[in-house]
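Chain by chain, the residues run as shown.
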Amino acid sequence: MLIILIFAIAITYSIISSKHPEFRMPKIRYIVTFFLCILLAIHFYLDYYKMGSFNSLVLNNFDNSKIVSVMLVQNTDNDKNSTIKSSNDPKTINDLIAYLKQFKLAQYNGKYTSANNYSYDIVFYTNKKDERIGISVTNENYLDIAIKTTKTYHLLFFNWYKNINNYKSYKIVNGKVSPHFLDSILDSIKD
């Protein structure tokens, strides 16, 4: 959204400077250029180091959708013991979402290792076709989140669609993912 604001300021400045000669002075051009560069730098910094709750960083991309099913996978070093279960039960879905909503996240762009011999994958499906949230837990301090959705923006008489298909890693700032909780959810899902 900040990019659109910067673009609007740049277009407004070029229109005003073409009509009014006092805006063509080098000092004003340098000040406006410096201001636009600062706004761009702030935008890229904030985009690179996003911080917030699970709700604000992930679930806000699905404002107009309802999560209708979940698939939970427990992977072990030995693939023969992997467990895959799916559920449409609203209680199971709400328990998982409520558990994930408690976490504060900071975008993480480094590498981390798994100290465990297990990992979990959680996939939430919505009522819209080809919309989903994939969460991978290979380390209890980090979440890898893949989002696939389409956002709609209404501008006057036009609809603008933005396809979101991104993958980001987040460090959990206020706790750890409990494998015992995920195991209990997995056990509660009937085959």
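In what follows, the structure referred to is the one given above.
Here the structure is a predicted model, which is why all the values come from computation and not from measurement.

Asker: When you look at the side chain of Ser65 in this model, what are you seeing that I'm missing?
Answerer: The topology assignment puts Ser65 in the loop between helix H3 (54–57) and strand S2 (67–76). Residue classification places Ser65 among the buried residues on the basis of a relative accessible area of 17%. Within the local environment of Ser65, its side chain forms a polar contact with the side chain of Glu131, the two groups lying 2.6 Å apart. Apart from the residues within four sequence positions on either side, Ser65 is in contact with Thr126, Asn127, Lys128 and Glu131.

Asker: Which parts of the structure should I look at to understand helix H5 (residues 179–188)?
Answerer: Along an α-helix, residues three or four positions apart point the same way, because every turn accommodates 3.6 residues. Within H5, burial applies to Pro179, Leu182, Ile185 and Leu186. Around the axis of H5, the buried residues are gathered within 125° of arc, so they sit on the same side. Facing away from the buried side of H5 by over 90 degrees, the exposed positions are His180 and Asp187.

Asker: Help me understand the side chain of Ser136 in this model?
Answerer: Relative to the helices and strands, Ser136 resides in strand S6 (residues 132–139). One polar contact links Ser136 to Asp121, side chain to side chain, over a distance of 3.1 Å.

Asker: What's the story with the nonpolar core in this structure? I'm lost.
Answerer: Judged by nonpolar contacts, the single largest core of 32 residues is most densely connected at Leu105, Phe124, Ile133, Ile135 and Ile145. If one sorts the elements of this core by residue count, helix H4 (residues 90–101) sits on top with five residues. For Ile133, the residues in contact, after removing those within four places along its chain, are Val58, Leu59, Phe62, Ile67, Ile122, Val123, Phe124, Ile145 and Ala146.

Asker: I would appreciate a short explanation of unusual backbone geometry in the present structure.
Answerer: Note: most residues except glycine have negative phi, and most peptide bonds are trans. The backbone of Asp130 sits at a positive phi, close to 60°, despite the residue not being glycine. Here Asp130 is to be found in the loop between strand S5 (118–126) and S6. Among the residues examined, Asp130 registers a relative accessible area of 45% and is labelled partly exposed.

Asker: In this structure, what is going on with the packing of H4 against H5? I would like to understand it.
Answerer: Geometry of a packed helix pair, given as the angle between the helix axes and the separation of the axes. The N-to-C vectors of H4 and H5 enclose an angle of 170°; their axes lie 11 Å apart at closest approach. Between H4 and H5, the angle is such that the two are roughly antiparallel. Only Phe181, Leu182 and Ile185 of H5 make contact with H4, whose side of the interface consists of Thr92, Asp95, Leu96 and Tyr99. The class makeup of the residues in the contact of H4 with H5 is five nonpolar, one polar and one charged.

Analysis parameters
- Residues numbered from 1 in each chain as written.
- Predicted model: local features only at pLDDT ≥ 70, side-chain atom pairs only at ≥ 80, totals over all residues.
- Heavy atoms only, no water.
- Helix = DSSP H or I, 4+ residues; strand = E, 2+ residues; numbered from the N terminus.
- Buried < 20%, exposed > 50% of the residue type's maximum accessible area, 1.4 Å probe, protein only.
- Polar contact = N/O pair within 3.5 Å; in protein donor to acceptor, adjacent residues only side chain to side chain.
- Contact = heavy atoms within 4.5 Å.
- Arc of directions from axis to C-beta.
- Core = buried A, V, L, I, M, F, W, Y, C linked by side-chain atoms within 4.5 Å.
- Axes fitted to C-alpha atoms, helices over the stretch in contact; angles between N-to-C directions.
- Parallel < 35°, antiparallel > 145°, perpendicular 65-115°, else oblique.
- Nonpolar A, V, L, I, M, F, W, Y, C, P; charged D, E, K, R; others polar.

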